[in-house]
Amino acid sequence: MRPLNTRVFTPEQVSEAAAILRRGGLLGIPTETVYGLGADGLNPDAVKAIFAAKGRPQDNPLILHIPTADWLERYCAEVPPQAYALAERFWPGPLTMILRRRPCVPDVVTAGLDTVGMRCPDHPAARAVLTAAGVPVAAPSGNTSGRPSPTCAAHMLEDMNGKIEGIVDGGPCAVGVESTIIDLTAVPPRLLRPGGVSLEQLRAVLGEVAVDGAVSRPLSAGERPRAPGMKYRHYAPRAPVTVVRGSPGAAAAYIRSQIRPGDGVICFEEFAQEYPGCVVESLGSAADKGEQARRVFAALRSFDATSAVRIWAQCPDEVELGLAVCNRLNKAAGFHIVQLPMDAEQRAGE
Ligand code: TXA
Ligand code: MG
């Protein structure tokens, strides 16, 4: 394919950017979670171009982005009251709901499934693009398939410059990990991907919520994940990653006992000085999971520009936003995890 001249738009130029979507082109869109690679979700040829630009397997469905919850019934059938309860509480925001689809949603969007993922993002530029486009926008994360998701326009351009017509630069993403995915066609509702809305917050609205096994363990041979995307290697830098779980102090001590000069280390800010001779990326303070979520993809991505041959990562506990941060690190590590014995304080919290 001939490279495109990818234009960078400011948020003030949204109507020009949205015109790209209306004529079937690809547009990078800032959202509060990560940057998305958008196309008109009702135009099958435009949607096919997303798969080509990302190198994404065809059996991995896309989610549709809409400006308001009123649009749900246009694309979804049998919308349960739970969907409106969640929309009321969390939309616009980092939550994707899996619902029964209507026939008007092209097969290429859903990879032939009878369900579709719906999300109403909370970023002023995304909302302006959706309103100006006047169509539901199919958008996966704007990375090349397998790489960490982009949390700023520069990271998306690293992967997509020349492959898309434009990108709206809406600054760094406020959440930093992708949306939470909840399957409302399952009974009880099932968490397929942890994200910016926590499991605890979902349970406060829905009551019982099941957690899909693929969230915290690798799939066994032949097992089919409910979110098709969960089966692919994801977020991984070139160098292999090992996640070390345990109290922050114990994990830091373990990593220090293992490192060789030139290794990469992803760690909490409090420990950043403890790995001389290593390539260190700080996730922010051990207590600040919001900051860890904002930084985790940039940290993973940064190692590809270094000569680190192995990467060690500290990881928060799985409470609240920690579940999403852990999930992304574990997936980047291909679930290569060292679990240290828990200390008394952690056991008390289990
Ligand atoms: O925050 C986000 O959700 C970002 C921004 C751009 O909105 N988008 C995003 O899309 O993360 P993507 O395609 O990178 O991840 C969507 C995940 C994939 O794992 C896909 O397999 C799953 O959602 N998915 C999509 N439709 C589904 C469906 N009908 N049933 C189950 N899983 C679905
Ligand atoms: Mg993705």
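Going by the structure above, here's the rest.
Residues numbered from 1 in each chain as written. Chains lettered and ligands numbered in written order. Predicted model: local features only at pLDDT ≥ 70, side-chain atom pairs only at ≥ 80, totals over all residues. Heavy atoms only, no water.

Asks: What am I meant to see in the pairing of strand S13 (residues 241–245) here?
Replies: On any regular strand, side chains alternate: one points to one face of the sheet, the next to the other face. Of all five residues making up S13, five are buried, and the element is well covered by its neighbours. Burial of S13 is two-sided: the residues Val241, Val243 and Arg245 facing one way and the residues Thr242 and Val244 facing the other way are all buried. Taken together, the three bridges between S13 and strand S17 (residues 337–339) define a ladder with parallel strand orientation. Bridge pairing in S17 places Arg245 opposite Gln339. (Buried < 20%, exposed > 50% of the residue type's maximum accessible area, 1.4 Å probe, protein only. Helix = DSSP H or I, 4+ residues; strand = E, 2+ residues; numbered from the N terminus. Pairing = 2+ DSSP bridges.)

Asks: Quick question: what am I supposed to make of the pairing of strand S7 (residues 115–119) here?
Replies: Most of S7 sits inside the fold, with five of its five residues counted as buried. When strand S4 (residues 63–65) meets S7, the two strands line up parallel, connected through three bridges. When the bridges of S7 are listed, Leu64 appears paired with Met118. Sheet analysis places strand S6 (residues 95–101) next to S7, joined by five bridges and oriented antiparallel. In the sheet register, Met97 faces S7, and the bridge partner there is Met118.

Geometric values such as these leave the question of function open.
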